[in-house]
Amino acid sequence: MKICVLVKQIPGSEATFNVTPDGRWIQESGLPFEMNESDIYALEEALQIREKMGEGEVFVVTLGPDRCQKTIREALAKGADRAIHIKEEAPFCTDPLTIASVFTQVIREENPELVLSGLQSDDLGFGQTGVLIGEMLGMTTATLVVATEIQDEDIRVKRELEAGWFQWQTMKLPASLAIQSGLNTPRYPSLRGIMTARKKEIKDVSFNDLRNVDFLQSFKKLSIQHAEKHTEMIEGSVDEIVSKLVNVFKNEIRIN
Amino acid sequence: MMDILVVLENKSGSIHRMSLEAISGAQQIGEECGLSVGILALGENASALAADASQYSVEEVLYLENENLNSYTADGYSAAVAQVISAENPHYVFFGHTYQIRDYVPRISAKLKRPFLNDVVSYTVDGGKPTFYKQSFNSKLVSELQTSGDGPVLVSFQSAAYSSENIQNGSASTRSVNVDLDASVIKTTPEEPFQKEAGGVDLSKADLIVSIGRGIGKEENIPLVQELAKVIGAELASSRPVVDSGWLPSHHQVGSSGQTVAPKLYLALGISGAIQHVVGMKGSKNIVVINKDPDAPLFEIADYGVVGDILEIIPKLTEALNG
């Protein structure tokens, strides 16, 4: 089975973000970059499916600037067979439809039976790319996937619903699945994996060459999130705090 | 004809709470921008859902019943709703940003080649038109979104972006709509949904909630909080790490993969405030946060905040409230 995994590089979650003067992006200098969390699980799921089936190919596709090489090498070191790097320079596209249509052109040529992506990226947070690609390629789609079982012509997946509910569904292949974090235990690259990754193929293509639609949505301006509410801070010794809290509960919120 | 079409989600025979919030948001935006609002119910018993929705102050309520929509599939729902949108041609289509919406609405966006602004938290009005905002970069930044081209814009709203309590009542007419949906479109066979653990309480109905996070430290400290909840008469809830650690069953979990709540009091003990938790409780009327870390993001949405050690405060608070 040929499996495509979409892997994205994002700024680390602990980072403090400053907006560029034009308001279109963040200042990247000094920021740590890493593989998007749910993409790590999507990659692991692909590697496990390949291992279970005893055959097949896993290739990753990454959109982003040169810095993404590090993340691509990491995916190859973990066991992906090869990679396609769609190169893009700032200012970055923030339109899910445009991004998906560029991915679609790359993936269509490869004709995979399965496309796996993380549920959403922690930077832009659209959570749409995998589903858009599935629709554009005429695949079945599922999101919030927490388990997969390959059957002959089908794939059976377990989806997380709201409030602790789950549901299995059987879908025709080819399929595009958006993977929820936590469904497996991602591996670390082995030393051998790191060595062989250097020899694996990374094919470069250009985002601008593939871009064939006009942007329909974009980030016009980024700004720092401000506190939404006035918070009354309760201070003092533990006893003072407790008596003030009791007063708030009884006289302000009126919990009785 | 309506300018804003709100698409409802059917949650076990009633209107999903976040769909009600979307109706509330649509009424508010509609009033400010001079746009009329309509509603679409679809799936099994859509007519009953439409009858429920007709009590709100909107132009018209549409309902779509079709045997291929009785069970939810992304294949069927995306095809059907795309057809209704094309036929009605509204300026905007609103949804609550539920798990189901994430699953099928991007496919409508691809079918119609129109943008889907998802997880929107707020809007401003300029020249009679709304501009929408969403959170990005781990919710640390806010992005102003712009769209281009002609045709409907799809928008989903984050939980509690609008309050369902502000819905204006009225009386709307209902209209049946049809789509051309061949069974061959459905390439997905869903099984019956199931719950990981049976039982549990419906936290969404709770008036008072005491909720704990990682800051509770260890399982042995849980009874301290159970005692406090009992004294107040509150339900016990938690963030995901507490459930993942096995300290409480999953039906106590509040957040995007747990329950969504809006009690009169949400007392958050040792919860830092990851966005996945915040979306489940930010609609609470009064949020009281106690946390050792003064930089815990949850303080940003707190009405009352205490920087302190919950293990010291909880027993004394229980005692004082018991008196």
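Anything mentioned here points back to the structure above.
Residues numbered from 1 in each chain as written. Chains lettered and ligands numbered in written order. Predicted model: local features only at pLDDT ≥ 70, side-chain atom pairs only at ≥ 80, totals over all residues. Heavy atoms only, no water.

### What to know about the overall build of chain A
Next up, step 1: Looking only at helices and strands, one finds seven helices and 13 strands in chain A.
Next up, step 2: The dimensions of chain A, computed from C-alpha atoms along their principal axes, are 65 × 45 × 40 Å.
Next up, step 3: Taking all 256 residues of chain A together, 57% fall into the buried category.
Next up, step 4: As displayed, chain A has an accessible area near 11,300 Å², and 47% of this comes from carbon and sulfur atoms.
Next up, step 5: Within chain A, the 39 negative side-chain charges are centred at a point lying 2 Å from the centre of the 29 positive side-chain charges. (Helix = DSSP H or I, 4+ residues; strand = E, 2+ residues; numbered from the N terminus. Buried < 20%, exposed > 50% of the residue type's maximum accessible area, 1.4 Å probe, protein only. Areas by Shrake-Rupley, 256 points an atom, 1.4 Å probe, with all protein chains shown as cover. Lys, Arg positive; Asp, Glu negative; His and termini not counted. Charge placed at Lys NZ, Arg CZ, Asp CG, Glu CD.)

### Digging into unusual backbone geometry
Next up, step 1: Between A:Ala90 and A:Pro91 the backbone carries a cis peptide bond, its omega angle lying at 0 degrees.
Next up, step 2: Mapping A:Pro91 onto the fold places it in the loop between strand S5 (82-87) and helix H3 (96-110).
Next up, step 3: At the junction of A:Leu173 and A:Pro174, the peptide bond is cis and its omega measures out at 0 degrees in the coordinates.
Next up, step 4: Here A:Pro174 shows up in the loop between strand S9 (165-172) and strand S10 (175-179).
Next up, step 5: Located in the positive-phi region is B:Lys113, a residue other than glycine, with phi close to 55 degrees.
Next up, step 6: Mapped onto the fold, B:Lys113 is located in the loop between helix H4 (99-112) and strand S7 (116-126).
Next up, step 7: At B:Ala160, a position not held by glycine, the phi torsion is positive, near 70 degrees.
Next up, step 8: With respect to the secondary-structure elements, B:Ala160 resides in the loop between strand S10 (153-157) and strand S11 (173-176).

### Remarks on the layout of surface pockets
Residues and elements named next belong to chain B.
Next up, step 1: One number sums up the size of the second largest pocket: a volume of about 480 Å³.
Next up, step 2: In this structure, the second largest pocket is lined by 21 residues; those nearest its centre are Tyr92, Lys129, Pro130, Thr147 and Val153.
Next up, step 3: Elements represented by at least two residues in the lining of the second largest pocket include exactly S7, strand S8 (129-136) and strand S9 (141-147).
Next up, step 4: For the lining of the second largest pocket, the residue count by class is seven nonpolar, eight polar and six charged. (1 Å grid on protein atoms, 1.4 Å probe; cavity = no way out; pocket = protein on both sides within 12 Å on 5 of 7 lines; lining within 4 Å. Points joined across faces, edges and corners; volume = space filled by probe spheres on them. Nonpolar A, V, L, I, M, F, W, Y, C, P; charged D, E, K, R; others polar.)

### Quick look at helix H5 (residues 222-232) of chain B
Residues and elements named next belong to chain B.
Next up, step 1: If you check which residues of H5 are buried, you get Ile222, Val225, Leu228, Ala229 and Ile232. On an axial view of H5, the arc spanned by its buried residues comes to 125 degrees, and they lie on one face.
Next up, step 2: Within two residues after H5, Gly233 carries a phi angle of roughly 85 degrees, on the positive side. (Arc of directions from axis to C-beta.)

### Points about the pattern of salt bridges
Next up, step 1: In total, this model carries 27 salt bridges over all chains according to the counting rule given.
Next up, step 2: In this structure, B:Arg107 and A:Glu135 form a salt bridge, with 2.9 Å as the shortest nitrogen-oxygen distance. One end of the pair, B:Arg107, is in helix H4; the other, A:Glu135, is in helix H4 (residues 129-136), on a second chain. With respect to burial, B:Arg107 and A:Glu135 carry one shared label: buried.
Next up, step 3: Residue B:Lys205 is joined to B:Asp202 by a salt bridge in which the shortest nitrogen-to-oxygen separation is 3.1 Å.
Next up, step 4: We classify B:Lys205 as exposed; its relative accessible area is 68%. (Salt bridge = Lys/Arg side-chain N within 4 Å of Asp/Glu carboxyl O.)

### Side note on the nonpolar core
Next up, step 1: In terms of nonpolar packing, the biggest core is built from 47 residues, with B:Ile4, B:Val6, B:Leu8, B:Ile29, B:Phe94, B:Phe132 and B:Phe157 touching the most fellow members.
Next up, step 2: Counting residues per element, this core draws most heavily on helix H1 (residues 17-33) of chain B, which supplies six residues.
Next up, step 3: With near-sequence residues (within four places) excluded, B:Phe157 lies in contact with B:Met18, B:Ala22, B:Ile29, B:Phe94, B:Phe95, B:Gly96, B:His97, B:Val120, B:Phe132 and B:Tyr162.
Next up, step 4: Core analysis: the second largest hydrophobic core is formed by 35 residues, A:Leu245, B:Leu228, B:Val242 and B:Leu321 among them. (Core = buried A, V, L, I, M, F, W, Y, C linked by side-chain atoms within 4.5 Å. Contact = heavy atoms within 4.5 Å.)

### Here we look at empty space enclosed by the protein
All names here are of chain A.
Next up, step 1: Applying the stated criterion across every chain, the model contains two cavities of 30 Å³ or more.
Next up, step 2: What lines the largest cavity is a set of 39 residues, and nearest its centre among them are Lys8, Ile99, Ser121, Asp123 and Thr129.
Next up, step 3: Looking at the lining of the largest cavity, the elements with two or more residues in it are strand S2 (9-11), strand S4 (57-64), H3, strand S6 (114-118) and H4.
Next up, step 4: Considered class by class, the residues forming the lining of the largest cavity number 21 nonpolar, twelve polar and six charged.
Next up, step 5: The space that makes up the second largest cavity amounts to roughly 60 Å³.
Next up, step 6: Partitioning the lining of the second largest cavity into residue classes produces three nonpolar, six polar and one charged.

### Notes on the interface of chain A and chain B
Next up, step 1: Each side of the interface is counted separately: chain A has 81 residues, and chain B has 75 residues.
Next up, step 2: Counting the contacts that link chain A with chain B gives seven salt bridges.
Next up, step 3: On inspection of chain A and its partner chain B, the count reaches 30 residue pairs in polar contact (both at pLDDT 80 or more).
Next up, step 4: Of all the secondary structure elements, the ones that give two or more residues to the side of chain A that touches chain B are H4, strand S7 (140-150), strand S8 (154-160), S9, strand S12 (217-224), strand S13 (232-233) and helix H7 (238-252) of chain A.
Next up, step 5: Ranked by the residues each element gives to the side of chain A that touches chain B, the list is headed by H7(A), at ten residues.
Next up, step 6: Alignment of S13(A) against strand S18 (residues 304-307) of chain B, held across two bridges, turns out to be parallel. Note that in S18(B) the partner of A:Glu232 across the bridge is B:Tyr304. (Polar contact = N/O pair within 3.5 Å; in protein donor to acceptor, adjacent residues only side chain to side chain. Pairing = 2+ DSSP bridges.)

### What to know about the sheet that holds S8(B)
Next up, step 1: Judged by pairing direction, the sheet is mixed, and its ten strands sit side by side in the order S12(A)-S9(B)-S8(B)-S7(B)-S10(B)-S6(B)-S1(B)-S4(B)-S5(B)-S11(B) without closing on themselves. The strands lining the two open edges of the sheet, one partner per strand, are S12 of chain A together with S11 of chain B. Adjacent strand axes in the sheet meet at a mean angle of 35 degrees, parallel and antiparallel pairs treated alike.
Next up, step 2: The pairing of strand S1 (residues 4-7) of chain B with strand S4 (residues 37-42) of chain B spans four bridges and is classified as parallel. Each bridged residue has a counterpart across the sheet, and for B:Val7 the counterpart in S4(B) is B:Leu40.
Next up, step 3: Relative to the sheet, H1(B) contacts S1, S4, strand S6 (92-96), S7, S8 and S10 of chain B, its axis offset from that of S1(B) by approximately 175 degrees. (Axes fitted to C-alpha atoms, helices over the stretch in contact; angles between N-to-C directions.)

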